[in-house]
Amino acid sequence: MSIQKNISSLAQNIPSNVHLVAVSKTKPIPMIQEAYEAGQRAFGENKVQEMVSKWESLPKDIQWHFIGHLQKNKVKYMAAFVSLIHGVDSLSTLREIEKQAKKHQRVISCLLQVKIAEEATKFGLPMIEIQKILFSEELKKMKHVKIVGLMGMASFTDDTEQVAKEFRSLKDFFDQTDLAVLSMGMSGDYHIAIKEGATMVRLGSSIFGARN
Ligand SMILES: *Cc1c(COP(=O)(O)O)cnc(C)c1O
């Protein structure tokens, strides 16, 4: 299958209210170009340096989503152009995003990453900690950061009921907020995520093929 065919078949299969982020991490420029020519505009990367160099060489109307674990000292490299940061999990990271966004006179949209998987390895904060950030006085004062939604990753398991349960818990929490974006679902579990209410899915291998 070609990248172009993968994108058009996904476009047909994903409901129109669900935003598709093409996860292009590790993939070379020509492959991203091909997806771009098929109409794809939102791309996800998990390494800041890699995202910066791709941003430099690709069309400027691409929306770059940062989906990796964010180190504070890397925020400055992407503050000029990043369109959405998915994995924010602390006030101190938000503070740094605020500082760097201000330098560029931008407002950077962010998602808070919620820990929903039972596995110990996944990043993210328990819901109670997310609440604290959402209601904090400090966040209210930040003029260059906008929390637009939540992001979560389910356990890596064949147990689809477990995955559905984890996504459902995130959706229930999301419904108690007035946030707009719910980023959940990857190539292996996006059908479940959409069924459970995702508004954004992050797909890599189902578009570009397996990574090494
Ligand atoms: C790599 C990655 C994806 C995409 O994974 P696929 O299984 O290739 O679709 C989605 N979200 C995050 C956070 C990732 O790191």
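About the criteria used
- Residues numbered from 1 in each chain as written.
- Predicted model: local features only at pLDDT ≥ 70, side-chain atom pairs only at ≥ 80, totals over all residues.
- Heavy atoms only, no water.
- Axes fitted to C-alpha atoms, helices over the stretch in contact; angles between N-to-C directions.
- Helix = DSSP H or I, 4+ residues; strand = E, 2+ residues; numbered from the N terminus.
- Parallel < 35°, antiparallel > 145°, perpendicular 65-115°, else oblique.
- Left-handed = near helix turned anticlockwise from the far one by under 90°.
- Contact = heavy atoms within 4.5 Å.
- Nonpolar A, V, L, I, M, F, W, Y, C, P; charged D, E, K, R; others polar.
- Buried < 20%, exposed > 50% of the residue type's maximum accessible area, 1.4 Å probe, protein only.
- Pairing = 2+ DSSP bridges.
- Core = buried A, V, L, I, M, F, W, Y, C linked by side-chain atoms within 4.5 Å.
- Arc of directions from axis to C-beta.

A. Looking closely at the packing of helix H1 (residues 3-13) against helix H2 (residues 29-37). Direction vectors running N to C along H1 and H2 enclose 40°, while the axes themselves pass 9 Å from each other. Judged on the interaxial angle alone, H2 and H1 are oblique. The handedness of the crossing between H1 and H2 is right-handed. Contacts from Ile3, Gln4 and Ile7 in H1 reach Met31, Glu34 and Ala35 in H2. Of the residues that constitute the contact of H1 with H2, the class distribution is 4 nonpolar, 1 polar and 1 charged.

B. Here's a closer look at unusual backbone geometry. One non-glycine residue with positive phi stands out, namely Thr26, at about 70°. Relative to the assigned elements, Thr26 resides in the loop between strand E1 (19-23) and H2. Here the phi dihedral of Gln105 falls at roughly 50°; this positive angle occurs in a residue that is not glycine. Relative to the elements of secondary structure, Gln105 occurs in the loop between helix H5 (91-103) and strand E5 (108-114). Judged by relative accessible area, Gln105 falls into the exposed class, the value being 74%.

C. How the structure looks around the pairing of strand E4 (residues 84-88). When you tally the buried positions in E4, you get 5 out of 5 residues, the bulk of the element. By the bridge criterion, 2 bridges tie strand E3 (residues 63-66) to E4 in an arrangement that is parallel. Its bridge partner being in E4, Phe66 is matched across the sheet by Ile85. Relative to E5, E4 is paired through 3 bridges, and the arrangement is parallel.

D. Expanded view of the nonpolar core. In this structure, Ile85, Leu94 and Leu150 are the most contacted members of the largest nonpolar core, which totals 62 residues. With 6 residues, the single largest contributor to this core is helix H8 (residues 160-175). Once residues within four sequence positions are removed from consideration, Ile85 is found in contact with Phe66, Leu70, Met78, Ile97, Ile108, Ser109, Cys110 and Leu111. Counting 8 residues, the second-largest nonpolar core is a separate cluster that includes Val21, Val148, Met151 and Val181.

E. Representation of H1 in the model. Every buried residue of H1 is listed here: Ile3, Asn6, Ile7 and Leu10. End-on, the buried residues of H1 take up no more than an arc of 95°, which puts them together on one face. Those residues of H1 that are exposed and angled more than 90 degrees off the buried face are Lys5 and Gln12. Buried residues along H1 sit against E1, H2, helix H9 (190-195), strand E8 (200-203) and helix H10 (205-208).

F. H2, seen in detail. Turning to H2, its buried residues are Ile32, Ala35 and Tyr36. One face of H2 carries all of its buried residues, which in axial projection span an arc of 105°. Exposed side of H2, more than 90 degrees from the buried face: Pro30 and Glu37 are the residues found there. Looking at the packing, one finds that the buried side of H2 touches H1, strand E2 (42-45), helix H3 (48-57) and H10. The positive-phi residue at the C-terminal boundary of H2 is Gly39, with phi of around 105°.

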